[in-house]
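Per-entry structural report
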Number of protein chains: 2
Amino acid sequence: MSIMLDDVAVTTRLRPTAAVAAMRAALLAAHRGELVAPPRVHAGGLTFTAGRLPGRWYGYRAYDTHVGGQQVVAVHAEPTGDLAGVAVGTALGAFRTGALGAVAADVLARRDATTVGVIGTGRQAWTQLWALSAVRQLSDVAIYSRTPQRQSALVDRVQTELRIPARAVQTAHEAVAARDIVVLATSSPTPVLDASWLAPGSAVTTVGPKQIDRAEFGLDLPMRAQLIVTDSLPQLRAYDPPALLTNNAAVALGAIIAGDHPGRTNPDAITVYASVGLAGTEPYLLADLLAL
Amino acid sequence: MSIMLDDVAVTTRLRPTAAVAAMRAALLAAHRGELVAPPRVHAGGLTFTAGRLPGRWYGYRAYDTHVGGQQVVAVHAEPTGDLAGVAVGTALGAFRTGALGAVAADVLARRDATTVGVIGTGRQAWTQLWALSAVRQLSDVAIYSRTPQRQSALVDRVQTELRIPARAVQTAHEAVAARDIVVLATSSPTPVLDASWLAPGSAVTTVGPKQIDRAEFGLDLPMRAQLIVTDSLPQLRAYDPPALLTNNAAVALGAIIAGDHPGRTNPDAITVYASVGLAGTEPYLLADLLAL
């Protein structure tokens, strides 16, 4: 019988180091054309995203866009096609996004990066920090939110579960200024920062809205950045309305990992990682968790 | 946690009477436009068929067309969207097809039908007989196959599990002649019967190939039939190459159940039920099994 994992089981089993390694491998496989991850398809209000690592596994993510209920991620082992396991809920997707963000930070942030600023206190903010803990020795996490209760809850969680010094700050400016790594993880349709607040050499991740007329940052961010990177160029280019980044030449994170692009070449450069959620990475992470 | 059913669990839990009642309701719901069951979609070698009974449940079937591995049928309860259960394997689909065939036989065969002839001894032959046992009091099942070992195994199984008199016959002609209900459940690309063998008043079900140049029957079958019925007109019409039946005016089984078409009006009429596998019926059957 196949394994069924709910959000608690996924949360218990996933470790940041393994998740980050899996997503690094996925980005490389996608860059090399080994990971089959076609555009999502729709039927009857449902969305299906397929993924396949030929000879190893195939799978998909399925979810309803109207009801907003539990998502299903399934992976089958090749060559038998036997169902290896199913993840039910929403945790796997958030950890996947966090792990991709940590791969980006590992690649883009300076080697000596130790400080993080976060705007946002939701699940995405948590999984970014969870995964970041695997790629840098963090000494100080500054968290800003308009909701003090959620802000102190996330500070507590980072201190308790990740054992990383964390504190609440009173302004977005404080969360962003003089930080090595900056994470924007809001649902804000309007800018939450001024790019002039950023320190030279900082690596910014944007997980939230990033479309023209609906973005958690303004055009000043891509204009100030020397390097803009994404986990999926095709998905970023398919945004409609377009991504607020498309006039810049974005680089595939997988290309930097593969050594096909130099990545950061200047310690004072500001980098932006535009997280779009590379297709096929949720089955990939589940396959990795199930040791396929 | 949601329920996961493998083929053994599906086989143990499904009862023919309940399965036939569920498929009857599904055919009616599809005819009335209540069952949302759009055409299947494809991505990365996977096929997804969605189904939804608004306000009750939504779900899908997912399978790989290359590897041919385990299929997954999933249903979520509305309005929460919580995953109610998953069926893994291939049993549910075969029972679904059997139950649809029994609804067709119940609607199309004469009230006094008691004899059945079957060509084919695979899983589809078994599930047709399994479901037929719920709609008519069968007194004699004649089974023909080119493989004697499989033939005697099916005879034994019908006698043991369904407690219906069954016997092996030596020719396809014997399996078809003077039968009230005839089931073609082969994978044959060429005709396995001559329509002239059929007795007046018989109801024929074809589960196997039914396309031009690849059909388990010849054009003589639809030509001899007074009534041709299918579980899905759109799916039958979408066959490419076309179905060997399309020059005849096929009738939706759901329309007869709803009373929008009279169905059999002459006790001597020969009817043909072309089984195509109405989309959405696998989630429907699983939802019924899970009492959604």
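These numbers were taken from a predicted model, which means no experiment stands behind them. (Residues numbered from 1 in each chain as written. Chains lettered and ligands numbered in written order. Predicted model: local features only at pLDDT ≥ 70, side-chain atom pairs only at ≥ 80, totals over all residues. Heavy atoms only, no water.)

**Here's the deal with the pairing of strand β14 (residues 227-230) of chain A**
Residues and elements named next belong to chain A. Along β14, one buried face is formed by L227 and V229 and the opposite face, lined by I228 and T230, is buried too. Both β14 and strand β15 (residues 251-252) contribute to a ladder of two bridges, which runs parallel. Residue pairing in the sheet places V229 in a bridge with V251 of β15. (Buried < 20%, exposed > 50% of the residue type's maximum accessible area, 1.4 Å probe, protein only. Helix = DSSP H or I, 4+ residues; strand = E, 2+ residues; numbered from the N terminus. Pairing = 2+ DSSP bridges.)

**Overview of the sheet that holds strand β8 (residues 140-144) of chain A**
Residue and element names in this part refer to chain A. Taking strand neighbours across the sheet as the criterion, the eight strands line up as β9-β8-β7-β10-β11-β16-β14-β15 in an open arrangement whose pairing is parallel. Where the open sheet ends on each side, the last strands, each with one partner, are β9 (166-168) and β15. The pairing of β14 with strand β16 (residues 271-274) spans four bridges and is parallel. Looking at the pairing, T230 lines up with A274 of β16. Contacts from helix α4 (residues 123-132) reach β7 (115-119), β8, β10 (181-184) and β11 (203-206) within the one sheet, and its direction differs from that of β7 by about 165°. Against the sheet, helix α5 (residues 148-162) makes contact with β8 and β9, and its axis sits at roughly 170° relative to β9, the strand it touches most. (Contact = heavy atoms within 4.5 Å. Axes fitted to C-alpha atoms, helices over the stretch in contact; angles between N-to-C directions.)

**Regarding helix α5 (residues 148-162) of chain B**
Residue and element names in this part refer to chain B. Taking 1.5 Å per residue as the helical rise, α5 with its 15 residues ought to reach 21 Å, and the 20 Å between its terminal C-alpha atoms agrees with that figure. Residues Q151, L154, V155, V158 and L162 constitute the buried set of α5. Viewed end-on, α5 has its buried residues packed into an arc of 100°, placing them on one side of the element. Exposed residues on α5 whose side chains face more than 90 degrees from its buried face are Q149 and T160. Each element contacted by the buried residues of α5 is listed here: α4 (123-132), β8 (140-144) and β9 (166-168). With its phi angle positive at about 55°, R163 sits one or two positions after the end of α5. (Expected span 1.5 Å × (residues − 1). Arc of directions from axis to C-beta.)

**A few points about the environment of Q159(A)**
All names here are of chain A. You can see Q159 is positioned in helix α5. Since its relative accessible area comes to 36%, Q159 is described here as partly exposed. When the C-alpha atoms of Q159 and Q128 are compared, they prove to be 15 Å apart, with 31 residues separating the residues in sequence. If we ignore the near neighbours within four places in the chain, the residues touching Q159 are I164 and A166.

**Topic: the interface of chain A and chain B**
The interface of chain A with chain B comprises 36 residues on the first partner and 36 residues on the second. Approximately 2800 Å² of surface area, both sides summed, lies buried where chain A meets chain B, with 70% of it carried by carbon and sulfur atoms. Two residues, R52(A) and D64(B), come together in a salt bridge whose shortest N-O distance is 2.3 Å. Linking chain A with chain B are eight residue pairs in polar contact (both at pLDDT 80 or more), by the criterion used here. Elements with a contribution of two residues or more to the side of chain A that touches chain B: β1 (3-5), β2 (41-43), β3 (46-53), β4 (57-64), β5 (71-77) and β6 (83-89) of chain A. No other element matches the five residues that β4(A) contributes to the side of chain A that touches chain B. Tallied by class, residues from the side of chain A that touches chain B come to 21 nonpolar, 10 polar and five charged. (Buried area = accessible area lost by both parts, 1.4 Å probe. Salt bridge = Lys/Arg side-chain N within 4 Å of Asp/Glu carboxyl O. Polar contact = N/O pair within 3.5 Å; in protein donor to acceptor, adjacent residues only side chain to side chain. Nonpolar A, V, L, I, M, F, W, Y, C, P; charged D, E, K, R; others polar.)

**Overview of the relation of the copies chain A and chain B**
When chain A is fitted to chain B, the best match, at an RMSD of 0.1 Å, comes from turning it 180° and sliding it 0.1 Å along the axis. Taken together, these values place the two copies in the relation of a two-fold axis. When each C-alpha of chain A is compared by its distance to the rotation axis, V41(A) comes out closest, at 3.4 Å. When you check the interface residues of chain A against chain B, 100% turn up at the interface there too, and the contact is symmetric in its surfaces. (Least-squares fit on C-alpha atoms with pLDDT ≥ 70 in both.)

**Things to note about the packing of α4(A) against α5(A)**
Residues and elements named next belong to chain A. Close contact between α4 and α5 brings their axes to 11 Å; oriented N to C, the two are set at 30°. Here α4 lies roughly parallel to α5, going by the angle between them. Crossing angle aside, the handedness with which α4 passes α5 is right-handed. Here A125, W126, L129 and W130 of α4 lie close against α5, whose contacting residues are L154, R157, V158, E161 and L162. Looking at the contact of α4 with α5, its residues break down into seven nonpolar, no polar and two charged. (Parallel < 35°, antiparallel > 145°, perpendicular 65-115°, else oblique. Left-handed = near helix turned anticlockwise from the far one by under 90°.)

**Let's talk about unusual backbone geometry**
P79(A) follows E78(A) through a cis peptide bond whose omega is 5°. Following D240(B), the chain continues into P241(B) via a peptide bond in cis, with omega recorded as 0°. Not every positive phi belongs to a glycine, and R163(A) is a case in point at roughly 55°. Within the secondary structure, R163(A) sits in the loop between α5 and β9. Accessibility expressed as a relative area gives 73% for R163(A), which makes it exposed. A positive phi angle is found at A291(A), which is not glycine, with a value near 60°. Within the element layout of this structure, A291(A) appears in the segment after α10 (281-289). Residue A291(A) is classed as exposed on the basis of its relative accessible area, which comes to 66%.

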